[in-house]
Amino acid sequence: TSRMCLKFLVSLPAEETYTRVEGCAGEEVIFQGAIDLLAIGETVRIIDYKYSGKSKENLIKTYAKQLKLYKYAVENSLKIKVEKTYIVSLLSGEEVLVEF
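Computed from a predicted model, the values in this text were never measured in an experiment.

Reading the values: rules and limits
Residues numbered from 1 in each chain as written. Predicted model: local features only at pLDDT ≥ 70, side-chain atom pairs only at ≥ 80, totals over all residues. Heavy atoms only, no water. Helix = DSSP H or I, 4+ residues; strand = E, 2+ residues; numbered from the N terminus. Buried < 20%, exposed > 50% of the residue type's maximum accessible area, 1.4 Å probe, protein only. Polar contact = N/O pair within 3.5 Å; in protein donor to acceptor, adjacent residues only side chain to side chain. Contact = heavy atoms within 4.5 Å. Salt bridge = Lys/Arg side-chain N within 4 Å of Asp/Glu carboxyl O.

Glancing now at unusual backbone geometry. For K79, which is not glycine, the phi torsion reads 60° and is therefore positive. Residue placement: K79 occurs in the loop between helix 1 (56-77) and strand 4 (84-89). Looking at K79, the relative accessible area reads 65%, which means it is exposed.

Written out as structure tokens, the structure reads:
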């Protein structure tokens, strides 16, 4: 398994970003980010570390869009399929699977 922190700059459809902007259908925006851990082995996984006391449900609610953007960026720039995305709470030690 190969593991890396991945910084990226990618062009995304505006409708895939955090906010909806009126009149931007078909437009592209530049999205910059840093994935805490991209693990490439038999499966490809994104792991995002958070220092948070939020419940599993609130972690998903708060960060699912961010992980979806990371997944989109990896799949479209590296041309590999991301199988799973996780949030790991450093405070509680819990691993939370985020599904789309």
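Moving on from the model shown.
Among the structural elements, S52 can be located in the loop between strand 3 (44-50) and helix 1. A polar atom in the side chain of S52 sits 3.0 Å from the backbone nitrogen of K54.

Looking at the secondary structure, you find K71 in helix 1. What makes K71 buried here is its relative accessible area of 17%. Other than its neighbours up to four places away in sequence, K71 contacts I46, K81, V82, T85 and F100.

The next subject is the pattern of salt bridges. Pairing is possible between side chains of opposite charge, provided their charged atoms come close. Inspection of every chain in the model, using the stated rule, returns four salt bridges. In this structure, E94 engages K56 in a salt bridge whose closest nitrogen and oxygen atoms are separated by 3.6 Å. Note that E94 is positioned in the loop between strand 4 and strand 5 (95-98) and K56 in helix 1, a separation of 38 residues in sequence. What makes E94 partly exposed here is its relative accessible area of 35%. A cluster of three or more residues bridged by salt bridges with shared partners is formed by K71, E75 and K81.

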